Amino acid sequence: MDFKVIYEQAVLAGRIAEQQYFEKYGEPMYCGFAWAEIPNGRSPFVNWCRKNNVGRKHWSKGWSIWNPTGNGTQSMDLKEAGCEAFVEVLRNHGIDAWACSRAD
């Protein structure tokens, strides 16, 4: 698998999802964060992430990619939409991952 291509597809999907959400709802002012978690910290994708400075070790286990689309707003809703799309692409390529978020 070409993890660079998968990662770039995931980021693009996330940014498109954020744009679509913004066009439909605007920018809700509920502040928060979103990130992707990958439970297997020894997977080939995580090894690629490590080598390419994508994400970091999760505090409990696995791997975490904070704000995977690089969204500069504080809107939790936009970040969640992007993160969910990002994770969906990873899952479609057989990478176990899920989207997480929390309010600020």
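As a reminder, the structure under discussion sits directly above these lines.
The structure reproduced in this document is the subject of the present report.

About the cut-offs
- Residues take numbers from 1 onward in each chain, read along the sequence in its written order.
- Under the rules for a predicted model, residues below a pLDDT of 70 receive no local features and side-chain atom pairs below 80 are neither given nor counted, while totals for whole chains, interfaces and linings still include all residues.
- To get the side-chain values, take all heavy atoms of the structure and skip hydrogens and water.
- The way it works is that DSSP assigns letters per residue, a run of H or I at least four long becomes a helix, a run of E at least two long becomes a strand, and they are numbered from the N terminus.
- The span expected for a helix works out to 1.5 Å for each residue beyond the first.
- Relative accessible area decides the class of each residue, using a 1.4 Å probe on protein chains only: under 20% of the type maximum gives buried, over 50% gives exposed, and in between gives partly exposed.
- In this description, contact between two residues means that some pair of their heavy atoms is separated by no more than 4.5 Å.
- Counted as a polar contact is a pair of N or O atoms within 3.5 Å, where, for protein atoms, one must be capable of donating a hydrogen and the other of accepting one, and residues adjacent in sequence contribute only when both atoms are in side chains.
- We call Phe, Tyr and Trp rings a pair once their centres come within 6.5 Å, taking the six-membered ring for Trp, and we label the pair stacked below 30 degrees between planes, edge-to-face above 60, and tilted otherwise.

Digging into helix α1 (residues 3-25)
Working step 1: For α1, which comprises 23 residues, the first-to-last C-alpha distance of 32 Å matches the rise-based estimate of 33 Å (1.5 Å per residue) to within 8%.
Working step 2: Of the positions making up α1, those classed as buried are Phe3, Ile6, Tyr7, Ala10, Val11, Gly14, Ala17 and Glu18.
Working step 3: Close packing links the buried residues of α1 with α2 (44-51) and α3 (76-92).
Working step 4: For α1, the N-terminal cap is Asp2; the gap from its side-chain oxygen to the backbone nitrogen of Lys4 is 3.3 Å.
Working step 5: Directly beyond the C-terminal end of α1, a positive phi value near 80° is found at Gly26.

With respect to the packing of aromatic side chains
Working step 1: Considering all chains together, one arrives at seven aromatic pairs under this definition.
Working step 2: Note on Tyr7 and Phe86: the rings are 6.0 Å apart at their centroids and 85° apart in plane angle, and the pair reads as edge-to-face. In this pair, Tyr7 sits in helix α1 while Phe86 sits in helix α3, placing the two residues 79 residues apart along the sequence.
Working step 3: Consider the rings of Trp35 and Trp66, whose centres lie 5.1 Å apart with planes at 15°: the pair is stacked. Of this pair, Trp35 sits in strand β1 (residues 32-38) while Trp66 sits in strand β3 (residues 63-66), placing them 31 residues apart in sequence.
Working step 4: Classification of Trp35 as buried rests on a relative accessible area of 12%.
Working step 5: Judged by its relative accessible area of 41%, Trp66 falls in the partly exposed class.
Working step 6: Through a chain of ring-to-ring contacts, the aromatic side chains of Phe3, Tyr7, Phe45, Trp48 and Phe86 assemble into a single cluster.

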